[in-house]
Amino acid sequence: GQVRIVARLRPDMTYPRPLRLIHWTVAILVTCQLALAVVLTQLRSLSYGQLVLSLHRQLGIVILLLVLTRLVLSWWHKAPSYEGSSLPRWQVRTAAFVHIAFHALLVAQPVVGMLVAWGRGDVVSLLGLTLPAPLEISDDMRERLMSVHTVVAVLWFSFVLLQVGAVVF
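Residues numbered from 1 in each chain as written. Predicted model: local features only at pLDDT ≥ 70, side-chain atom pairs only at ≥ 80, totals over all residues. Heavy atoms only, no water.

**Structural notes on the overall build of the protein chain**
Alright, step 1. Helix and strand counts for the protein chain stand at four helices and two strands.
Alright, step 2. In the protein chain, the order of α-helices and β-strands from amino to carboxyl end is α-α-α-β-β-α.
Alright, step 3. Taking as baseline every contact in the protein chain between residues at least 6 positions apart, the subset at least 24 positions apart corresponds to 74%.
Alright, step 4. When the accessible surface of the protein chain is split by element, carbon and sulfur atoms take 68% of a total near 11900 Å². (Helix = DSSP H or I, 4+ residues; strand = E, 2+ residues; numbered from the N terminus. Contact = heavy atoms within 4.5 Å. Areas by Shrake-Rupley, 256 points an atom, 1.4 Å probe, with all protein chains shown as cover.)

**Comments concerning unusual backbone geometry**
Alright, step 1. Non-glycine residue L127 carries a positive phi angle of around 55°.
Alright, step 2. Mapped onto the elements of the fold, L127 is located in the loop between β1 (124–126) and β2 (129–131).

**Some points on helix α4 (residues 139–168)**
Alright, step 1. Taking 1.5 Å as the rise per residue, α4 with 30 residues should run 44 Å; its terminal C-alpha atoms sit 44 Å apart, in good agreement.
Alright, step 2. Taken together, the buried positions of α4 are occupied by R142, L145, H149, V152, W156 and F159.
Alright, step 3. Residues of α4 that are buried sit in contact with α1 (17–42), α2 (46–76) and α3 (89–120). (Expected span 1.5 Å × (residues − 1). Buried < 20%, exposed > 50% of the residue type's maximum accessible area, 1.4 Å probe, protein only.)

**Observations regarding the packing of α2 against α3**
Alright, step 1. At a closest axis distance of 9 Å, the pairing of α2 and α3 adopts a crossing angle of 140°. Here α2 lies oblique to α3, going by the angle between them. Pair α2 / α3 crosses with left-handed handedness. Here Q50, L53, R57, G60, I61, I63, L64, V67, L68, R70 and L71 of α2 come into contact with α3, specifically with H99, H103, L106, V107, P110, V111, M114, A117 and R120.
Alright, step 2. Looking at the contact of α2 with α3, its residues break down into 13 nonpolar, four polar and three charged. (Axes fitted to C-alpha atoms, helices over the stretch in contact; angles between N-to-C directions. Parallel < 35°, antiparallel > 145°, perpendicular 65-115°, else oblique. Left-handed = near helix turned anticlockwise from the far one by under 90°. Nonpolar A, V, L, I, M, F, W, Y, C, P; charged D, E, K, R; others polar.)

**Focus on the pattern of salt bridges**
Alright, step 1. Enumeration over the complete set of coordinates arrives at five salt bridges.
Alright, step 2. Of the charged contacts in the structure, one is a salt bridge between R120 and D122, with a shortest N-O distance of 3.1 Å.
Alright, step 3. Connected via shared salt-bridge partners are R57, R120 and D122. (Salt bridge = Lys/Arg side-chain N within 4 Å of Asp/Glu carboxyl O.)

**Quick look at the side chain of H149**
Alright, step 1. Along the chain, H149 falls in helix α4.
Alright, step 2. Apart from residues lying up to four places away in sequence, H149 is in contact with H56, Q109, V112 and G113.

**Quick word on the nonpolar core**
Alright, step 1. One finds V26, V30, I63, L106, W156 and F159 to be the most contacted residues of the largest nonpolar core, which totals 17 residues.
Alright, step 2. Counting only elements with at least two residues in this core, the list comes to α1, α2, α3 and α4.
Alright, step 3. Not counting residues within four places of it along the chain, the set of residues in contact with V26 comprises I63, L66, V67 and L106.
Alright, step 4. Listed in part, the twelve residues of the second largest apolar core include I61, V112, M114 and W118. (Core = buried A, V, L, I, M, F, W, Y, C linked by side-chain atoms within 4.5 Å.)

This is the structure:
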């Protein structure tokens, strides 16, 4: 027969359904963002590139809204606590740090992306609603923000690898 390995959490270690739904939705959308970013680097058509870039921006805003919703929902739907678990203290602290870092990066990335877009003079919109630029952004600042956008993406991907490694471990 088949050998099945099933990770079992204590009943109090299960994340509430709304938090799980947002988690997996964000995970899928971030994967789409990565695919769109790769497609953007390969495009030769300016009009198609603008379409893909617009979709990339809109998904970024949706991710931001979902993460902010998740943070609000976490006040009512508590995530499981690792207190009293059999995990070593360093693993509990590392898991908490990675969890906070994920959320910080998922908020920072779309905000920085919108600032880059506004710095280019592009329109940022979601479902037809235009978001006005909150401030003037110089070309120099826009280039720095683009570098930050890239670094945040690499950091986020690194944390994904760390989390996947922890799950396998």
